[in-house]
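A closer look at the structure
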There are 2 protein chains.
Amino acid sequence: MRVPGTGPEPDTIRPTSDAPAPDAPGPGVVVAGGGLAGRVTAWRAAQAGLRVTLVEPDPVADPARARAASAVAAGMLTPATEAVFGEEPLMEFGIRSAALFPGFVAELEEASGLEVGYRATGTLLVAFDADDLAVLDRLHKLQRRLGVATERLTGRECRRLEPVLAPSVRGGVLAPDDHSVDPRLLLRALAAAGARAGVAEVGARVASVERPGPRGARLGVVLDDGRVLPADQAVVAAGCWSDRIGLPEPVVPPLRPVKGQLLRTRVPAGEPPLVGRTVRGLVRGFPVYLVPRADGEVVIGATQEELGYDTSPTVGGLWQVLRDARELVPGVTELEITETCVGLRPGSPDNEPLLGPTRVPGLHLAGGHFRHGVLLTPVTGEVMARALTTGTLPGYAERFAADRADETTTWE
Amino acid sequence: MRVPGTGPEPDTIRPTSDAPAPDAPGPGVVVAGGGLAGRVTAWRAAQAGLRVTLVEPDPVADPARARAASAVAAGMLTPATEAVFGEEPLMEFGIRSAALFPGFVAELEEASGLEVGYRATGTLLVAFDADDLAVLDRLHKLQRRLGVATERLTGRECRRLEPVLAPSVRGGVLAPDDHSVDPRLLLRALAAAGARAGVAEVGARVASVERPGPRGARLGVVLDDGRVLPADQAVVAAGCWSDRIGLPEPVVPPLRPVKGQLLRTRVPAGEPPLVGRTVRGLVRGFPVYLVPRADGEVVIGATQEELGYDTSPTVGGLWQVLRDARELVPGVTELEITETCVGLRPGSPDNEPLLGPTRVPGLHLAGGHFRHGVLLTPVTGEVMARALTTGTLPGYAERFAADRADETTTWE
């Protein structure tokens, strides 16, 4: 809780005195946005020897009040059970990032001294009725075609794994490699690791990026308080708010907000966990999930609504989530509600990320992660560090190049 | 938000300099509890010339964080549509209080300079299925027997009054004299009127009442910070927490908490009101209500759960409320959720209030209002002022005498 006149946010992170002095001279990199994409980019860039400043108005220590989709997300790392026909390249990108996760978590927890709630317990995807089962069977075929390890289970086998599942569950797919993480802990750890690596943080909002910048810099990052930060390179990682930042033409990231409503709940004190792993379901065509954490939290979500920048929780959204979760796991009624969350996923026109250099020299994007921002955090760090140090993308990420999103591209 | 070391709450109300000097010498009256019962008692007692101190730990200016059931309640003033067989005396007491309301509101708004959101728009009680309609018909007969003005309507007539009602609504009863008020505004106005009338307020919790008190006083009201307030008379008005206050034997108010979960919502900006009056429904035997306010707020509730002092909102509670509200008024899905509220109604063994003197000289109760605390506010003020100034109850309130609740009474 911020009290006027008591000075800066206690969580505003500035370089610690033992931070390594950045090797790079000059104005360095400014990252606009303190969600997962911005923070992993800042940390990795600082590790690569760049001088990095991150600009973010919301405190990382108070996730319930942060606006970043990263602070709302449930934290599923589920490329297999998230697979969609026609999105195979994105699925492969997700599988690459999921494979990076164990090493990424170990390095980050070591670098930050903070845990991130990574749980390698797999995911069970179940179908509620015959139509849902048909969808699930098609998905299972796609998973096999892509070489993903998943196992088709009967309803009874599903209930053997998760006894709280409703008797009506018709069947499922077990994805042993689809794990989860706590995105709020991940954000906090990235902030701490970034600070230790020398990332400076400014508590403000980026209004625009101009060129040239002050004092001979290539770019100028203009803050809402009027300050202008000189930058050799700038990274726009402000989620669905990215296109509210004034950018030099022809860079206009066409990101739209896709509203998600979800509930943070917890198992009553003294009660055993409700489910042992992430449970995703299709209930009469509606997707719903329950993501359990070691501390008893269960995240239940989520709607997917195209309503602009509206962040109001609604009766209808909450009702849909509760209805479907209850059909799948009747015992959810015992859970205590700790928070009603609304987040805005940043969606690009083709629902794929926008990464790396734009046509404006020095200006990069790291956005458009849509429903996959948590999963894609490690690979985003890898890709953006490469982009900032070499100006190019690794081959596996060329498809997601940010410079496809300019006036020469025909978006639907 | 209270910040340690920043001094008293800004809303702690102390006597203003132009407050009338209390006529009564000596230690006066101490009221334990700043809900509606406590505040109306304090105000009326001060108006009657008594020296009054009110003790309440929660700030009246932040109702979302207050624990009083008064700050959670929807504010229905509905003796007719709340009528229950076997509770006729309570219904008559409620009708008496409802009749006092217009004058009470006018006097309070004048005395405090604050509005209380009183809306004289009536209540429509509707039935969802044939069984619900049978219950409603019996209730309507009871209302007529008691001489209450209500009108039996067909489903079509109900929808003519409130076009958003579901087509499945089978019929209803219009109670033109069942109105509503905003309990949070009522609390605030009572606090302000009390302060103007000379009520002193102490921001603490009452731990116990002892006899004798300090400095020759009949009673001593012991606060949780160790202070002891001398008192000629003390009023325990701490809702379901009343029996956590240590009291001299044989006064043990047998009040239990009855949990209620409800939602505060609002019509999206620019939209017309959803309903024009309070709509109550029976949906497959479950009671549900929507209480609209002039500012667009719609309160939807409520569960009734016997779960001890548990104040966690639960998935099951919220789901029940949303399910029934949505059956009755499908358009509730568009409402924005502003707050998930949980309150603990103070229930006595016979669900009737406990008012006035106990067998301990000088010690009074004002509690056990259960589901009727807002409705009974004016009459509670009248009864308690009489009790504190004369030691007796008005004839119409003798049934609710607090001293029925001692060891000579057989409670179930």
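Under an unreviewed UniProt entry, the name given to chain A is glycine oxidase, and the organism recorded is Nocardiopsis flavescens. Turning to chain A, the UniProt record has this under Pathway (unreviewed entry): "Cofactor biosynthesis; thiamine diphosphate biosynthesis." Under Catalytic activity (unreviewed entry), UniProt gives the following word-for-word description of chain A: "glycine + O2 + H2O = glyoxylate + H2O2 + NH4(+)".

1. Let's talk about the overall build of chain A
Helices and strands together make up the secondary structure of chain A, namely seven helices and 19 strands. Relative to a compact globule of 412 residues, whose C-alpha radius of gyration would be 22 Å, chain A shows 21 Å and is just as compact. With 412 residues in all, chain A has 59% of them scored as buried. The contacts of chain A with a sequence gap of at least 6 include a subset with a gap of at least 24, amounting to 73%. Side-chain charges of chain A comprise 43 positive and 51 negative groups, with the mean position of each set lying 1 Å from the other.

2. Description of the interface of chain B and chain A
At the interface, 19 residues of chain B touch 20 residues of chain A. Where chain B abuts chain A, roughly 1800 Å² becomes buried across the two surfaces, and 74% of that area is made up of carbon and sulfur atoms. For the chain B face of the interface with chain A, the top three residues by lost area are Val315, Trp319 and Ile337 of chain B, together amounting to 36%. Across the contact surface, chain B and chain A share zero salt bridges. For the pair chain B and chain A, the interface holds eight residue pairs in polar contact (both at pLDDT 80 or more). For the side of chain B that touches chain A, the element with the most residues is helix H6 (residues 315-328) of chain B, which contributes seven residues. Per-class residue counts for the side of chain B that touches chain A are 10 nonpolar, six polar and three charged.

3. Comments concerning the relation of the copies chain B and chain A
Mapping chain B onto chain A calls for a screw motion: a turn of 180° about the axis and a shift of 0.0 Å along it, with 0.0 Å RMSD after fitting. Seen this way, the second copy is the image of the first under a two-fold rotation axis. Residue Trp319 of chain B of chain B places its C-alpha closer to the rotation axis than any other residue of that unit, at 3.4 Å. A high fraction, 100%, of the interface residues of chain B reappear at the interface in chain A, so the copies pair face to face through one surface.

4. Remarks on the sheet that holds strand E8 (residues 200-202) of chain B
All names here are of chain B. Strand order in the open sheet made by the six strands is E8-E2-E1-E12-E19-E18, with mixed pairing throughout. Only two strands of the sheet have a single partner each, and these edge strands are E8 and strand E18 (354-357). Pairwise comparison of adjacent strand axes, ignoring direction, gives a mean angle of 20° for this sheet. Lying over the sheet, helix H1 (residues 36-47) contacts strand E1 (29-32), strand E2 (52-55), E8, strand E12 (233-236) and strand E19 (363-367), oriented at roughly 170° with respect to E2. Its contacts with the sheet place helix H7 (residues 377-390) against E1, E12, E18 and E19, and it is angled at close to 20° to E18.

5. Overview of the pattern of salt bridges
Residue and element names in this part refer to chain B. On inspection of all chains with the given rule, the structure shows 40 salt bridges over all chains. With a closest N to O distance of 2.8 Å, Arg280 and Glu82 form a salt bridge. Residue Arg280 is located in strand E14 (residues 278-283), and its partner Glu82 is located in the loop between strand E3 (76-77) and helix H2 (88-112); the two are separated by 198 residues in the primary sequence. Using a relative accessible area of 8% as the deciding quantity, one classes Arg280 as buried. Residue Arg399 is joined to Glu352 by a salt bridge in which the shortest nitrogen-to-oxygen separation is 2.8 Å. Here Glu352 lies in the loop between strand E17 (336-347) and E18 and Arg399 lies in the segment after H7, a separation of 47 residues in the sequence. Exposure remark for Glu352: the relative accessible area of 6% places this residue in the buried category.

6. Side note on the domain arrangement of chain A
All names here are of chain A. Looking at the assigned domains, one finds that chain A contains domain 1 (10-71 + 184-254 + 349-400) and domain 2 (123-176 + 257-347). Its C-alpha centre places domain 1 at a distance of 32 Å from the equivalent point of domain 2. Taken over both partners, the interface formed by domain 1 and domain 2 buries close to 1200 Å², and the fraction arising from carbon and sulfur atoms is 53%. Where domain 1 packs against domain 2, one counts one salt bridge. Among the salt bridges present, the one from Arg184 reaches Glu339, with a minimum N-O distance of 2.8 Å. On the surface where domain 1 and domain 2 come into contact, there are five residue pairs in polar contact (both at pLDDT 80 or more). Of the residues in the side of domain 1 that touches domain 2, the class split is eight nonpolar, three polar and four charged.

7. Concerning the side chain of Lys259 of chain A
All names here are of chain A. Here Lys259 lies in strand E13 (residues 256-266). For Lys259, a relative accessible area of 0% translates into the label buried. Within the structure, Lys259 has its side chain in polar contact with the backbone oxygen of Ser312 (distance 2.6 Å). Every residue in contact with Lys259, bar those within four places of it in the chain, is listed here: Thr303, Gln304, Glu305, Leu307, Asp310, Ser312, Thr314, Val342, Gly343, Leu344 and Arg345.

8. Re the packing of aromatic side chains
Enumeration according to the criterion identifies 10 aromatic pairs over all chains in this entry. For the ring pair Phe101 of chain A and Phe104 of chain A, a centre distance of 5.7 Å and an interplane angle of 75° mean the geometry is edge-to-face. You can see Phe101 of chain A and its partner Phe104 of chain A sitting in helix H2 (residues 88-112), three residues apart, about one turn around the helix. Aromatic side chains Phe93 of chain B and Tyr396 of chain B sit 6.2 Å apart centroid to centroid with 40° between the ring planes, which places their arrangement in the tilted category. In this pair, Phe93 of chain B sits in helix H2 while Tyr396 of chain B sits in the segment after H7, placing the two residues 303 residues apart along the sequence.

9. A short note on the sheet that holds strand E12 (residues 233-236) of chain A
Residues and elements named next belong to chain A. Strand order in the open sheet formed by six strands is E8-E2-E1-E12-E19-E18, with mixed pairing between adjacent strands. The sheet is open, and its two edges are formed by strand E8 (200-202) and strand E18 (354-357), each paired on a single side. Between one strand axis and the next, the sheet turns by 20° as a mean value, whatever way the strands run. The strands that helix H7 (residues 377-390) touches are strand E1 (29-32), E12, E18 and strand E19 (363-367); relative to E18, the one it contacts most, it runs at about 20°.

Cut-off values and rules
- Residues numbered from 1 in each chain as written.
- Chains lettered and ligands numbered in written order.
- Predicted model: local features only at pLDDT ≥ 70, side-chain atom pairs only at ≥ 80, totals over all residues.
- Heavy atoms only, no water.
- UniProt positions renumbered as here; feature names shortened; annotations may be inferred.
- Helix = DSSP H or I, 4+ residues; strand = E, 2+ residues; numbered from the N terminus.
- Rg over C-alpha atoms; globule rule 2.2 N^0.38 Å.
- Buried < 20%, exposed > 50% of the residue type's maximum accessible area, 1.4 Å probe, protein only.
- Contact = heavy atoms within 4.5 Å.
- Lys, Arg positive; Asp, Glu negative; His and termini not counted.
- Charge placed at Lys NZ, Arg CZ, Asp CG, Glu CD.
- Buried area = accessible area lost by both parts, 1.4 Å probe.
- Salt bridge = Lys/Arg side-chain N within 4 Å of Asp/Glu carboxyl O.
- Polar contact = N/O pair within 3.5 Å; in protein donor to acceptor, adjacent residues only side chain to side chain.
- Nonpolar A, V, L, I, M, F, W, Y, C, P; charged D, E, K, R; others polar.
- Least-squares fit on C-alpha atoms with pLDDT ≥ 70 in both.
- Pairing = 2+ DSSP bridges.
- Axes fitted to C-alpha atoms, helices over the stretch in contact; angles between N-to-C directions.
- Domains from an automatic or database assignment.
- Phe/Tyr/Trp six-rings, centres within 6.5 Å; stacked < 30°, edge-to-face > 60°.

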